[in-house]
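# Secondary and tertiary structure notes
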Amino acid sequence: DRNYVMCLGIDKAEDGLSVSYGFPDLKALTGDGDNIHYPVSTIDGKDMDAAAEAYGKQANKRLDFGQLQMIVFDRNIIEDPKAMAEVLEYIKNHQEFTRTVLVCMADKTAKDIVALDEDVNGSIGIYLRQMFENNSKEYQLTVGDLIIGMSLPKEKQEIAVISKGKDVPVIKSIADVVGYYLAKEQPTG
């Protein structure tokens, strides 16, 4: 009765947010399962609640964020302190979001990164988490760090900026987050 969200993409849209949900391919991850892989679902809504509600009206299962591996923000939302604060408040007020979930910023849209779910084996959320944990330990900013940053407006942190490679995401640069929103970006290398 649940769809486990493994990767959450949040883009700023004209009238609110565009939220992309990436789900696991259980057969690819465990060797078991019914070989049903739910495709990425992107829902527009005025806020996170509205997007989740709209998802519920079209799905046969409810969203579950208990296994979430990665949150991808688009540049437009992370540059907007008000929009970012609203999203972080939503996450803060929903206990199913673990504070240790990693976050990154999409070079273009978060939807493009979550759409890579179809190209990687198992889940783009797991792929990104493993990419950061195994090869890019310096880029392990969590959603909990951003929530704490809401009360520490001068705290500087670094967030990885990822872009869509051929079939996989790649780290393009790093950006400075002051408190909880974007300050500036620097190329990696």
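Reference entry: report on the structure contained in this document. Residue numbers run consecutively from 1 along every chain, following the written order of its sequence. It should be noted that, the model being predicted, local features are given only for residues of pLDDT at least 70 and side-chain atom pairs only at 80 or more, the latter also being counted only at that level, while totals for whole chains, interfaces and linings use all residues. Side-chain figures throughout are based on the complete set of non-hydrogen atoms in the structure, without hydrogens or water.

### Re the nonpolar core
For soluble globular proteins, nonpolar side chains are generally found buried alongside one another. Here, nonpolar core refers to any group of buried Ala, Val, Leu, Ile, Met, Phe, Trp, Tyr and Cys residues whose side-chain atoms link them within 4.5 Å. Burial classes: relative accessible area under 20% of the type maximum marks a residue as buried, over 50% as exposed, and values in between as partly exposed (1.4 Å probe, protein chains only). With 39 residues, the main nonpolar core has Leu8, Ile10, Tyr21, Ile71 and Phe73 as its most contacted residues. Only DSSP runs of H or I covering at least 4 residues are called helices, and only runs of E covering at least 2 are called strands; the numbering of each starts at the N terminus. For this core, the element with the highest residue contribution is helix H4 (residues 81–93), accounting for seven residues. Note on contacts: a residue pair qualifies if any of its non-hydrogen atoms lie within 4.5 Å across the two residues. The residues contacting Leu8, other than those within four sequence positions of it, are Val19, Ser20, Tyr21, Met48, Phe65, Leu68, Met70, Ile71, Val72, Phe97 and Val114. Counting residues in each nonpolar core, the second largest holds 19 residues, with Met70, Val72, Leu128 and Ile162 among its members.

### A closer look at the side chain of Asp74
In this fold, Asp74 is placed in strand E6 (residues 70–74). Despite its burial, Asp74 pairs with no opposite charge, the nearest such side chain being Lys12 at 8.0 Å. Any pair of N or O atoms that falls within 3.5 Å is considered a polar contact. Within protein, one atom must be able to donate a hydrogen and the other to accept it, and sequence-neighbouring residues count only if both atoms are side-chain atoms. Within the local environment of Asp74, its side chain forms a polar contact with the backbone nitrogen of Ile77, the two atoms lying 2.9 Å apart. Contact partners of Asp74, with chain neighbours within four places excluded, come to Ile10, Asp11, Lys12, Met105, Ala106, Lys108, Thr109 and Ala110. Counted as positive: Lys and Arg. Counted as negative: Asp and Glu. His and the chain ends are not counted at all. For salt bridges, the criterion is a side-chain nitrogen of Lys or Arg within 4 Å of an Asp or Glu carboxyl oxygen.

### Quick word on the packing of aromatic side chains
Pairing of aromatic rings covers Phe, Tyr and Trp, the last counted by its six-membered ring, and requires centre-to-centre distances within 6.5 Å; plane angles under 30 degrees mean stacked, over 60 mean edge-to-face, and any other angle means tilted. As enumerated under the stated definition, the model contains six aromatic pairs in all. Both rings, one in Tyr21 and one in Phe65, keep their centres 6.4 Å apart while their planes meet at 45°; by these two values the pair is tilted. Taken together, the residues Tyr21 in strand E3 (residues 16–22) and Phe65 in the loop between strand E5 (62–64) and E6 connect sequence positions 44 residues apart. For the pair Tyr21 and Phe65, a shared accessibility class is recorded, and that class is buried. Clustering of aromatic rings is evident, with ring pairs tying together Tyr21, Phe23, Tyr55, Phe65, Tyr90 and Phe97.

### Focus: the pattern of salt bridges
Side-chain pairing between opposite charges can occur once the charged atoms of the two side chains come close. Applying the stated criterion to the full structure yields ten salt bridges. Arg2 is paired through a salt bridge with Asp64; the nearest N and O atoms lie 2.9 Å apart. Pair noted here: Arg2 is in strand E1 (residues 2–4) and Asp64 is in strand E5, with a separation of 62 residues, a long-range link. Taking the relative accessible area as the measure of exposure, Arg2 reaches 33% and is therefore partly exposed. With relative accessibility at 11%, the residue Asp64 sits in the buried group. Salt-bridge contacts for Arg75 lead to Asp107; the nearest nitrogen and oxygen are separated by 3.5 Å. Of the two residues, Arg75 sits in helix H3 (residues 75–78) while Asp107 sits in the loop between strand E7 (102–106) and helix H5 (110–114), which places them 32 residues apart along the sequence. Overlapping salt bridges bring together Asp1, Arg2 and Asp64 as one network.

### Regarding helix H2 (residues 48–58)
An α-helix turns once per 3.6 residues; consequently, residues spaced three or four apart project the same way. Residues of H2 that are buried: Met48, Ala51 and Tyr55. End-on view of H2: buried residues confined to an arc of 65°, all on one side of the axis. Lining the buried residues of H2 we find E1, strand E2 (7–13), E3, strand E4 (41–45), E5 and H4. Sitting at the head of H2, Asp47 places a side-chain oxygen 3.2 Å from the backbone nitrogen of Asp49. Starting at the helix axis, one direction is taken to each C-beta atom, and the arc is that of these directions.

Nothing here speaks to function; it is geometry throughout.
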